[in-house]
Amino acid sequence: MSEEHYYLELCENPVQFENASSVNNVFFDEANKQVFAVRSGGATGVVVKGPEDKSSVAFRMDDKGEVKCIKFSIGNKILAVQRTPKSVDFINFIPDYPHLEFSQECKMKNASILGFCWTNWNEIVFITDQGIEFYQVLPDKRSLKLLKSQSINVNWYMYCPETAVILLSTTFQGNVLQPFAFKSGTMSKMSKFEIELPVVPKPAKLNLSERDIAVANMEGSCKKTNVLKLNTTGKFALNVVDNLVVVHHQSTQTSIIFDIKLREPDCALNVHQPVLPPRSIHPYRIPLTGPSAVPSQPPVPCELYSSSWSVFQPDIIISASEGYQWYLQVKLPPTVNLLQDKGKLIDFLLRRRDCKMVILSVCSQMLNGEDKGSLPVVATVFDKLNQVFKEYLEAEQTYTVAMESGPSRGSTARERPVRTQAVIDQSDMYTHVLSSFTEKKDVSHKFIIAVLMEYIRSLNQVQITVQHYLYELVIKTLVHHSLFYMLHQFLQYHVLSDSKPLACLLLSLEGTYPAAHQLSLDMLKRLSTANDEIVEVLLSKQQVLGALRFIRSVGGNDNISARKFLDAALQTADQMLFYTIFRFFEQRNLRLRGSPSFNPGEHCEEHVVYFKQVFGEQALMKQATV
Amino acid sequence: MISPRMASGMQEKQYTPSLLSFFVYNPSFGSREGEEEKKILFYHPSEVEKNEKIRNVGLCEAIVQFTRTFCPTKPAKSLHTQKNRQFFFEAEDSFWIVMVVRNPMVEKPNKDGRPPTIEYQEEEILDTVYGAVLRECYSMYKLFNGTFGRAMEAGGVELLMQKLDKFFYRYLQTLHLQSCDLLDVFGGIAFFPLDKMTYLKIQSFVNRVEESLSLIKYTAFLYNDQLIWSGLEQDDMRILYKYLTTSLFPRHSEPELAGRDSPLRPEVAGNLLHYGRFLTGPANLKDPEAKFRFPRIFVNTEDSYEELHLIVYKAMSAAVCFMISASVELTREFCEQLDGLVGPQLTLLASDICEQYNVNRRISGPDKEPQFKFIYFNHMNLAEKSTIHMRKTASVSLTSVHPDLMKILGDINCDFARVDEDEEIIVKAMTDYWVVGKKSDQRELYVILNQKNANLIEVNEEVKRLCATQKNCTKKRERKRDGERAMDCFTTLKLSALQGVMTASV
């Protein structure tokens with residue numbers, strides 16, 4: 001199978017720990033993502049490994065019986081160990097605090113502790129079969145303070161560390177779930193909900209177990225109305241990676257992924273089909289390390305979907321028997337060929353984290369070679385990309401406006417919108433897709449122009465200002481194929497918006513296409529910020545009178561350089577024209593300074609000499625005539 | 001042709017200019033003595049006696065030859081006589097087309113039963129106008145038949161004569177020399193004003209159709225008889241546009257306006273109602289007898305010389321020309337495919353354009369009868385706009401101003417053509433009218449004002465003001481609807497630049 005086959009893989013650098021055995025117990029704390037390897041009840045050592053090296057700790061503790069559960073509080077401040085069904089023991093890990101263990105029994109009589117969760121560096125919740133107890137740990141006093149408790153029958157529980165929410169399974173069948181949220185010393189009961197059971201068993205018995213439920217934190221709110229169609233039976237496990245729900249199926253040794261946000265057009269709302277065909281996780285080889293490793297020895301293939309695997313949220317897979325903890329990853333490039341529908345593919349990719357280069361490669365691919373998409377497909381893809389781009393620009397705009405107006409009306413400071421990889425702007429498209437595409441020799445110019453126009457249309461549709469370099473691509477392509485009349489029509493309908501660079505480009509085309517001159521001047525005029533350029537253009541065409549008329553019409557004639565105009569008039573070798581221009585400036589001098597003669601600073605001496613030569617001294621305007 | 005005018009109590013008869021004869025000849029075909037007839041490839045009216053034909057052709061040949069001695073590159077273009085005017089045009093190397101137009105005249109009845117006196121108004125017709133009409137005759141011939149040279153190569157003189165006969169026999173009947181004017185000189189194209197987004201949608205539509213029906217080589221898109229997009233080059237589009245707007249479109253009534261039970265009413269295909277139909281080719285696709293033959297046109301005759309099928313397809317006010325290489329045989333399947341693909345899309349697009357157009361019209365305010373009339377033409381893109389002309393029909397072009405004023409416009413145009421410089425000419429007509437012509441760079445604007453007792457300066461100010469208000473209202477509209485501008489009209493650079501210095505010659 002080629003590399004392109006697998007879209008799921010295990011991370012390259014797993015967390016390694018001593019594998020589970022009769023003398024070594026392994027625990028995983030989902031809150032801190034830490035693996036605990038407890039040798040001989042802790043007497044010969046506890047090794048804690050976390051996602052980063054700095055969260056790894058090794059220590060010893062007295063063997064006071066079999067460890068049932070072991071977890072650090074947030075920040076590795078306090079260690080909690082459960083060895084009996086009635087109590088939890090604590091050890092301070094804060095420097096300068098007493099290290100002696102202290103213990104806390106659950107308050108409710110006859111209750112047995114199902115487990116505990118840290119909700120803060122010093123706050124902990126005990127979950128018993130009869131309810132929950134919320135404590136504050138006072139490490140200096142080596143004691144706990146009960147903050148709150150609640151009686152409720154509990155079958156099992158589940159904790160979501162990101163949101164600090166505990167889900168309790170209640171009722172006889174276990175399918176009514178009661179969430180509690182914890183936040184700095186407070187506990188709040190949230191509204192309970194019921195999981196519909198496919199069949200109600202008779203006689204009634206506990207039907208929903210924690211294996212059937214996974215709590216994960218996903219972007220946006222996913223309500224319980226999302227239904228994943230698995231289309232198969234057997235043992236499943238869930239991961240959530242990059243906002244995708246990954247369902248592992250042990251018996252077929254494959255995984256499928258669901259994108260909750262991907263709408264199925266032909267299905268009832270929120271019923272999801274797998275996005276991609278089922279595939280196994282990419283084969284993984286365990287490199288042999290340590291003293292037994294021989295350099296030439298090939299890495300050993302790792303058994304995937306093994307029964308010793310444990311899956312934790314969101315993206316953790318642990319093989320206790322082999323001593324590895326991996327993070328599951330989604331590889332985007334292989335998905336490109338698995339999703340034929342380009343629109344769906346783009347929708348899928350736009351919601352992934354590292355999507356930019358993959359999306360750009362999809363764009364390149366759809367414009368080139370055998371897999372070339374049709375124009376409607378190209379249009380759909382552009383529209384989807386520009387929609388996301390537009391949403392980002394709008395958010396940015398709203399933010400800027402809010403910032404400028406100041407933090408008024410007591411509203412909390414807005415957060416600057418995050419520019420995700422899904423925001424693909426014009427320069428991305430230009431650099432990675434369009435500029436190389438337009439240079440392709442084997443693509444018809446018709447298709448190139450159609451694609452560029454489609455992109456411009458798409459940008460216009462969402463009111464994004466098109467950058468001039470895109471217009472330049474269009475113009476260059478048209479000019480390269482001598483399609484001047486097409487170019488003219490585009491400009492005529494202002495499809496290629498006015499800009500100085502564009503006007504200059506047009507001006508440079510005058511040699512091959514004379515009409516470009518008019519187009520360029522019109523554009524400069526419409527810009528109304530390019531009066532100097534217009535004068536230059538007209539003067540260079542020896543249209544001295546035209547230049548003068550123009551500058552007069554825009555009211556700039558008092559500031560222009562007389563020398564520049566007189567030079568240009570001299571070059572035409574048209575004496576009457578020179579006379580007219582000269583007279584114009586004499587009049588200007590008179591009006592501005594009360595004298596028709598030129599100032600030395602104007603450097604018009606040679607022109608005065610020439611004028612006298614041709615028309616005679618007496619032709620000069622006289623002061624007295626005024 | 002005859003419009004009686006009452007003058008001094010006596011019945012006068014006014015005769016408009018009319019076509020006397022029209023012929024095509026090549027002097028190299030019968031250079032030997034006694035073979036002169038061979039030079040004549042086409043002669044209208046055909047019933048003219050042979051020797052007279054030879055004499056007339058000979059005369060033209062002699063005049064051209066004679067004037068060549070003065071200027072080898074520019075032989076005579078026309079010959080003015082008291083009764084008529086002859087126009088010479090070397091359409092292709094050694095192929096000459098000559099058109100003889102009888103001057104307009106007034107017939108004044110005499111007393112005592114004497115024959116009426118005829119006064120020829122030999123200065124009433126303009127060389128530029130009829131010279132342009134003649135050149136257009138050739139362009140139209142070439143559009144549908146290709147060049148003379150190619151016909152000669154394919155089937156010798158016989159084929160060429162056949163083609164000439166077949167084409168001009170009908171075409172000359174549609175010439176209406178009495179209503180030719182400045183617009184014939186320009187031969188311009190009216191562009192449909194459109195906002196950028198709708199224009200881009202049309203682009204997208206054209207590109208998609210050309211992609212899915214790859215046989216299509218060129219596409220042109222029109223709305224309300226005005227051009228929006230041409231894949232053809234400018235010169236080819238210019239003549240095709242002329243054909244579409246003066247011949248093909250007027251021939252087809254609007255079935256959209258027809259009643260529910262009218263046979264012209266479009267059919268419901270499946271569940272999908274669309275208004276698409278073929279203006280050329282099959283009138284009804286469902287007809288088992290339908291023929292899938294389309295007119296053929298010749299384009300790019302200077303270089304690639306392409307012969308194409310011309311498919312004109314229309315939905316509501318939107319018409320699209322699809323051009324396909326003539327070497328391909330067009331089948332029923334293809335036409336059905338085209339109909340199925342284009343019909344629904346074009347119907348949708350046409351209603352989009354219509355909606356957009358109405359929105360823009362509402363923004364630009366109610367159509368008030370303007371105090372002036374104008375013709376605008378830009379040589380660079382052939383854009384033309386006239387508020388003087390009513391809708392052109394197959395038979396006549398109607399103008400809303402007196403022919404005398406039209407003549408003045410033509411005269412100003414001739415003056416403009418003489419020099420390259422930008423100019424402005426203001427004319428006080430015999431009536432209360434003032435006629436102002438402005439030329440700047442490649443654009444020409446002619447305004448007719450009706451202001452009693454105005455002087456030159458006031459008229460100049462008035463035109464300045466008109467240009468300014470037109471520009472302002474366009475600007476206002478621009479701000480409201482991005483991209484929407486009155487097409488290429490008054491948004492010009494130099495027209496406004498001109499307003500400063502006046503070089504008037506009255």
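Residues numbered from 1 in each chain as written. Chains lettered and ligands numbered in written order. Predicted model: local features only at pLDDT ≥ 70, side-chain atom pairs only at ≥ 80, totals over all residues. Heavy atoms only, no water.

Put simply, the rule is: UniProt positions are given in the numbering used here, feature names are shortened, and annotations may be inferred rather than shown by experiment.
Within an unreviewed UniProt entry, the label attached to chain B reads CCZ1 homolog, vacuolar protein trafficking and biogenesis associated, and the organism entered is Oncorhynchus kisutch. Recorded in UniProt for chain B, the comment headed Sequence similarities (unreviewed entry) runs: "Belongs to the CCZ1 family."

If you check an unreviewed UniProt entry, chain A appears there as Regulator of MON1-CCZ1 from Oncorhynchus kisutch.

Quick word on the side chain of Ser255(A)
Residues and elements named next belong to chain A. Note the cut-off: Strands are runs of DSSP state E lasting at least 2 residues, helices are runs of H or I lasting at least 4, and numbering of each runs from the N terminus. For every residue, the accessible area (1.4 Å probe, protein chains only) is compared with the maximum for its type, and the residue is labelled buried under 20%, exposed over 50%, or partly exposed between those bounds. Whenever a nitrogen or oxygen atom comes within 3.5 Å of another N or O atom, the pair is scored as a polar contact, on the condition that within protein one atom can donate a hydrogen and the other can accept it, and that pairs from neighbouring residues in sequence are kept only if both atoms are in side chains. Only heavy atoms enter the contact rule, under which two residues are in contact if any of them lie within 4.5 Å.
Tracing the backbone shows serine 255 in strand β23 (residues 254-258). Take serine 255: its relative accessible area is 0%, and that puts it in the buried class. Only 2.5 Å separates the side chain of serine 255 from the side chain of tyrosine 305, close enough to count as a polar contact. Other than its neighbours up to four places away in sequence, serine 255 contacts Tyr7, Leu8, Val246, Val247, His248, Pro278, Arg279, Ile281 and Tyr305.

Here's the deal with the pattern of salt bridges
Once their charged atoms are close, side chains differing in charge can pair, the charge on each being opposite to the other. Residue and element names in this part refer to chain B. Operational definition: For salt bridges, the criterion is a side-chain nitrogen of Lys or Arg within 4 Å of an Asp or Glu carboxyl oxygen.
All chains considered together, the criterion is met by 41 salt bridges over all chains. The closest approach of N and O atoms between lysine 38 and glutamate 35, which form a salt bridge, is 3.7 Å. Between aspartate 352 and lysine 201 there is a salt bridge, with its nearest N and O atoms 3.2 Å apart. Pair noted here: aspartate 352 is in helix α7 (residues 332-363) and lysine 201 is in helix α5 (residues 196-212), with a separation of 151 residues, a long-range link. Accessibility expressed as a relative area gives 26% for aspartate 352, which makes it partly exposed.

Here's the deal with the sheet that holds strand β7 (residues 95-102) of chain B
Residues and elements named next belong to chain B. Quick reminder of the rule: Only strands that DSSP links by at least two bridges are regarded as paired with each other. Note on definitions: angles span 0 to 180 degrees between N-to-C directions of axes, and those axes are lines fitted to C-alpha atoms, for helices only across the stretch in contact.
Taking strand neighbours across the sheet as the criterion, the 5 strands line up as β4-β3-β7-β6-β5 in an open arrangement whose pairing is antiparallel. If you trace the sheet from one side to the other, it starts and ends with β4 (40-44) and β5 (78-80), each paired once. The sheet shows a mean angle of 10 degrees between the axes of neighbouring strands, taken without regard to direction. Two strands pair when backbone bridges link them, and strand β3 (residues 18-25) and β4 are joined in this way by 4 bridges, in the antiparallel orientation. Residue pairing in the sheet places phenylalanine 22 in a bridge with histidine 44 of β4. In the packing of helix α2 (residues 127-145) onto the sheet, contacts are made with β3, β5, β6 (84-92) and β7, and the angle to β6 comes to roughly 40 degrees.

Some points on the packing of helix α11 (residues 531-540) of chain A against helix α12 (residues 544-553) of chain A
How two helices sit against one another is set out by the angle between their axes and by the gap between those axes. All names here are of chain A. Here is the rule we go by: Under this scheme an angle from 65 to 115 degrees is roughly perpendicular, one under 35 degrees roughly parallel, and one over 145 degrees roughly antiparallel; angles in between are oblique. Left-handed describes a crossing whose near helix is turned anticlockwise from the far helix through less than a right angle; right-handed describes the clockwise counterpart. Amino acids are sorted into nonpolar (Ala, Val, Leu, Ile, Met, Phe, Trp, Tyr, Cys and Pro), charged (Asp, Glu, Lys and Arg) and polar (every other residue, Gly among them).
Closest axis-to-axis distance for the α11/α12 pair is 8 Å, and the angle between their directions is 165 degrees. Considering their axes alone, α11 and α12 lie roughly antiparallel with respect to each other. Remark: the crossing between α11 and α12 carries right-handed chirality. Two secondary-structure elements touch here, α11 through Asn531, Ile534, Val535, Leu538 and Leu539 and α12 through Val544, Gly546, Ala547, Phe550 and Ile551. Partitioning the contact of α11 with α12 into residue classes produces 8 nonpolar, 2 polar and no charged.

Some points on the packing of aromatic side chains
The criterion, for reference: Aromatic rings from Phe, Tyr and Trp, with only the six-membered ring used for Trp, were paired whenever their centres fell within 6.5 Å, and each pair was classed as stacked if the ring planes differed by under 30 degrees, edge-to-face if by over 60, and tilted otherwise. Only Lys NZ and Arg CZ are tested; either one counts as a charge over a ring when it is within 6 Å of the ring centre and within 35 degrees of the ring normal.
Following the criterion strictly, the structure yields 56 aromatic pairs over all chains and no others. Seen in terms of ring centroids, Phe90(A) and Phe102(A) are 5.5 Å apart; in terms of plane orientation they differ by 20 degrees. Their pairing is stacked. Note that Phe90(A) is positioned in strand β9 (residues 87-92) and Phe102(A) in strand β10 (residues 102-105), a separation of 12 residues in sequence. Neither residue differs from the other here; Phe90(A) and Phe102(A) are each classed as buried. On the numbers, 5.3 Å between centres and 55 degrees between planes, the contact of Phe95(B) with Phe148(B) is tilted. Taken together, the residues Phe95(B) in strand β7 and Phe148(B) in helix α3 (residues 148-171) connect sequence positions 53 residues apart. When the ring centre of Phe348(A) is taken as origin, the NZ or CZ atom of Arg352(A), which lies over that ring, is 4.9 Å away. A cation sits over an aromatic face here: Lys372(A) above Phe447(A), 4.1 Å from the ring centre.

Considering the confidence of the model for chain B
All names here are of chain B. Going by this rule: The score called pLDDT rates the predictor's confidence residue by residue, from a low of 0 to a high of 100.
Of all residues in chain B, 83% attain a pLDDT of 70 or more, and the chain-wide mean is 81. Low confidence marks residues 471-506, where pLDDT is under 50. Its contacts with residues over four positions away, or in another chain, come to 96 contacts. Model confidence for the complex: the whole-complex pTM is 0.79, and ipTM, which rates the interface, is 0.82.

Things to note about the interface of chain A and chain B
We apply this condition: Buried area adds together the accessible area that both of two parts lose upon being put together, with accessible area traced by a 1.4 Å probe.
Each partner contributes to the interface: chain A provides 40 residues, whereas chain B provides 42 residues. Interface area, chain A with chain B, both sides summed: about 3700 Å², of which 57% is carbon and sulfur. A per-residue breakdown of the area chain A buries against chain B is headed by Tyr485(A), Tyr493(A) and Arg549(A), which together make up 25% of the total. Among the salt bridges present, the one from Arg443(B) reaches Asp522(A), with a minimum N-O distance of 2.3 Å. Across the contact surface, chain A and chain B share 12 residue pairs in polar contact (both at pLDDT 80 or more). Mapped by element, the contributors of at least two residues to the side of chain A that touches chain B are α4 (375-404), α6 (445-461), α8 (484-492), α10 (515-527) and α12 of chain A. Tallied by class, the residues present in the side of chain A that touches chain B amount to 18 nonpolar, 13 polar and 9 charged.

Overview of the packing of helix α2 (residues 342-350) of chain A against helix α3 (residues 356-367) of chain A
Residues and elements named next belong to chain A. At a minimum axis separation of 10 Å, α2 and α3 run at an interaxial angle of 165 degrees. With respect to α3, the axis of α2 lies roughly antiparallel. Judged by the sense of rotation from one axis to the other, the crossing of α2 with α3 is left-handed. Within the contact between the two elements, α2 uses Lys342, Leu345, Ile346, Leu349 and Leu350 and α3 uses Val358, Ile359, Val362 and Met366. Its residues assigned to classes, the contact of α2 with α3 shows 8 nonpolar, no polar and 1 charged.

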